[in-house]
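Analysis of the macromolecular model
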Amino acid sequence: MRGLAESTDRRAAGIGTEMAGILKRLQAAVYAARATSPPLPQCHAADIAQLRRLCERHRDDPHAVVGSLAREFLNDWDVILRPLDEPHLPLTNNAAEQALRHWVIARRISHGTRSATGSRAFALLASVIDTCRRRGACAWRFLGAVIHAARRGLALPSLPTAAA
């Protein structure tokens, strides 16, 4: 949106600037709610309604970026505005993307998997390893226990619980 607001296309820049202004006000409301108490969605109804009108008006805009941005907002509307109701939620998905970054690099370095089964195994192992890491448990010890139990036909252990 920042790039759109800085566009050399005057009309597109105006749309981007207007959308960015609305989102800045909503973002400020979320930060204020984190410091005090949650904002009531109706307090920001005018901004939300204006943003919705902008997105609906420009969903088929001839400027590719304007149209794409408007459609993306409309498709993810509830998720984008959820922090107004639940201010403790993050405003970006940066943490999730950072958590996946090393797995994406590993996949690229190894040239990926060769099958759907391999992709599923990679994804499951990545999930287990990250879950153990976040819970302060040794992933290799846990995976060893799973393999040991599976070989003996025993019930598989549950993922470790988070350290208190």
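The rules behind the values
- Residues numbered from 1 in each chain as written.
- Predicted model: local features only at pLDDT ≥ 70, side-chain atom pairs only at ≥ 80, totals over all residues.
- Heavy atoms only, no water.
- Salt bridge = Lys/Arg side-chain N within 4 Å of Asp/Glu carboxyl O.
- Helix = DSSP H or I, 4+ residues; strand = E, 2+ residues; numbered from the N terminus.
- Buried < 20%, exposed > 50% of the residue type's maximum accessible area, 1.4 Å probe, protein only.
- Axes fitted to C-alpha atoms, helices over the stretch in contact; angles between N-to-C directions.
- Parallel < 35°, antiparallel > 145°, perpendicular 65-115°, else oblique.
- Left-handed = near helix turned anticlockwise from the far one by under 90°.
- Contact = heavy atoms within 4.5 Å.
- Arc of directions from axis to C-beta.

What follows concerns the pattern of salt bridges. Under the defined criterion, the tally for this structure stands at five salt bridges. Measuring nitrogen to oxygen at the nearest pair gives 2.9 Å for the salt bridge that ties E56 to R52. Pair noted here: E56 and R52 are both in helix 3 (residues 45-58), with a separation of four residues, about one helical turn. We classify R52 as partly exposed; its relative accessible area is 30%. D130 serves as the salt-bridge partner of R133, at 3.0 Å between the closest nitrogen and oxygen. Of the two residues, R133 and D130 are both situated in helix 7 (residues 116-134); the distance of three residues between them amounts to about one turn of the helix.

For the pair helix 2 (residues 10-35) and helix 3, the least separation of the axes is 10 Å and the interaxial angle reads 150°. Taken together, the axes of helix 2 and helix 3 are roughly antiparallel relative to one another. Note that helix 2 runs across helix 3; the crossing there is left-handed. Taken together, the residues of helix 3 that come into contact with helix 2 (itself represented by R11, I15, E18, M19, I22, L23, R25 and L26) are D47, I48, Q50, L51, L54, C55 and H58.

What follows deals with the environment of P90. Note on placement: P90 falls in the loop between helix 5 (77-85) and helix 6 (94-109). As for P90 and I147, which are separated by 57 residues in sequence, their C-alpha atoms are 37 Å apart. Ignoring any residue separated from it by four or fewer positions in sequence, one finds P90 in contact with R34 and P83.

Okay, helix 5 next. Inspection of helix 5 places W77, L81, P83 and L84 among the buried residues, and these make up the whole buried set. Summarising the axial view, the buried residues of helix 5 lie within an arc of 145°, below the 170-degree limit, and thus occupy one face. In this structure, helix 5 carries D78, V79 and D85 as exposed residues pointing more than 90 degrees from its buried face. Tucked inside the fold, the buried residues of helix 5 contact helix 2, helix 3 and helix 4 (64-75).

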